[in-house]
Amino acid sequence: MKLLSYMLFSILILFFTTQTTFAQDSLEVSKQKAKEVIEKYLTAIGGKEAIKNTQDRTTIMRGTAMGQNITIIAKQKAPNKMRQEIKAGGMDQVIIFDGEKGVMNVMNQKIEVKDKELEALKIEASMDFMLDPESFGIKIFYEGTEKLDGKDVNKIKMIMPSGLRSFSYFDSESGLKLKEQKEMQTQMGLGEQTLVYEDYKEIEGVKYPHKIIQSFGGQSIEVTVSSIKVNKGLADDLFVISE
């Protein structure tokens, strides 16, 4: 009886070990495939060296939302500083990330960005985070292929250190990113933002989408990039957070 119990226990251990090893192998395959998709994307937009050589960037976008004209001016400087100014319907909003802290100024009120929102802002501020997402503590997984507007796309899942998830869809043929879905933590709770990228154009050796459709909370905004300037020597003063 004891021998039978031991044999059954051994079989269970063997089964568990086999299943665990299989799961680990599948996980590694998924990560490797995700890296291959990201690698193809980086090559498609200009290559790693061109991305690394981008030390600062100023992007101006214009569009409309709820009948109001919107202008967005985003300034970024390596390694991870960002200033974003949004002008809409007579209201101005400024978001600054100095590499460590983030603040949002809106209607003469200063709001400190914290926790999951700060984590997202840090990643958003880093122009080259796609070169090595895992160095930011991001887990990447390949989710297979899907159809998007008649095109075959590779789906990649990313899990942030906070647990927030994002899903990116890359054209299987061109390698370009066509769509992104992000979980976002806001003061109103957890929400989902969808971004559609179109009309890629090359600027200083790197391709950028010049049409972006953003959806969040039932609202949709379509913006067109009117200008991208690269390596113009943006001053550090632009990213200083005043006390």
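These figures come from a predicted structure and were not determined experimentally.

Chemist: Which residues make up the overall build of the protein, and what are the values?
Modeler: The number of helices and strands found in the protein is 3 helices and 13 strands. Per-residue burial for the protein yields a buried fraction of 40% across its 243 residues. In the protein, the proportion of contacts linking residues at least 24 apart, taken out of those at least 6 apart, comes to 41%. For the protein, the exposed area adds up to about 14600 Å²; of that, 53% sits on carbon and sulfur atoms.

Chemist: Give me the side chain of T54: which residues, what numbers.
Modeler: Along the chain, T54 falls in the loop between α2 (48–52) and β1 (56–65). A polar contact of 3.2 Å, which involves the side chain of T54, links it to the backbone oxygen of A50. If near-sequence neighbours (up to four positions away) are discounted, T54 is found in contact with A78, M127, V206, Y208, V230 and N231.

Chemist: Talk me through unusual backbone geometry; I want residue IDs and the actual numbers.
Modeler: Residue A78 is joined to P79 through a cis peptide bond whose omega torsion reads 5°. One non-glycine residue with positive phi stands out, namely D115, at about 55°. As for its position among the elements, D115 is in helix α3 (residues 115–125). Of note, D149 is a non-glycine position whose phi angle comes to about 50°, a positive value.

Chemist: Can you lay out the pairing of strand β11 (residues 189–203) for me, pointing to particular residues and giving the numbers?
Modeler: Alignment of β11 against strand β12 (residues 206–216), held across 10 bridges, turns out to be antiparallel. The partner of T194 across the bridge, within β12, is S215. Between β11 and β12, which follow one another and run antiparallel, lie 2 residues, and E204 among them has a positive phi close to 50°.

Chemist: Explain the packing of aromatic side chains residue by residue, including any values.
Modeler: Summed over all chains, the structure comprises 2 aromatic pairs. Ring geometry for Y41 and F170: centres 5.3 Å apart, planes at 65°, overall edge-to-face. On the criterion of sequence distance, the pair formed by Y41 in helix α1 (residues 2–45) and F170 in strand β9 (residues 165–171) is long-range, its members being 129 residues apart. With respect to burial, Y41 and F170 carry one shared label: buried.

Chemist: Give a description of the nonpolar core that names residues and reports values.
Modeler: Counting residues in hydrophobic clusters, the biggest one holds 34 residues, and the most contacted among them are M130, I138 and M158. At the level of elements, α1, α2, β1, β2 (68–77), β8 (151–159), β11, β12 and β13 (219–230) are the ones that each hand at least two residues to this core. Of the residues forming this core, the biggest block, 7 residues, is contributed by α1. Once residues within four sequence positions are removed from consideration, I138 is found in contact with I123, F129, P133, M158, I159, M160 and P161.

Cut-offs applied
- In this numbering scheme, every chain counts its residues from 1 along its sequence in written order.
- Given that this is a predicted model, residues contribute local features only at a pLDDT of at least 70 and side-chain atom pairs are listed and counted only at 80 or more, while totals for whole chains, interfaces and linings are drawn from all residues.
- Calculation of side-chain values draws on the structure's entire complement of heavy atoms; hydrogens and water are dropped beforehand.
- A run of DSSP states H or I qualifies as a helix once it reaches four residues; a run of E qualifies as a strand once it reaches two. Both are numbered from the N-terminal end.
- Burial status follows relative accessibility: with a 1.4 Å probe on protein chains alone, a residue under 20% of its type maximum counts as buried, one over 50% as exposed, and anything between as partly exposed.
- Should any heavy atoms of two residues lie within 4.5 Å, those residues are considered in contact.
- Note on areas: Shrake-Rupley, 1.4 Å probe, and residue coverage restricted to the protein chains presented here.
- Pairs of N or O atoms within 3.5 Å make up the polar contacts considered here, provided that, within protein, one atom can donate a hydrogen while the other can accept it, and that residues adjacent in sequence are counted only when both atoms are side-chain atoms.
- By definition, two strands form a pair when at least two bridges between them are found by DSSP.
- Stacked, edge-to-face and tilted are the three classes for Phe, Tyr and Trp ring pairs, Trp counted by its six-membered ring, which pair at centre distances within 6.5 Å; planes under 30 degrees apart are stacked, over 60 edge-to-face, the rest tilted.
- Think of a nonpolar core as a cluster: buried Ala, Val, Leu, Ile, Met, Phe, Trp, Tyr and Cys residues, connected wherever their side-chain atoms sit within 4.5 Å.

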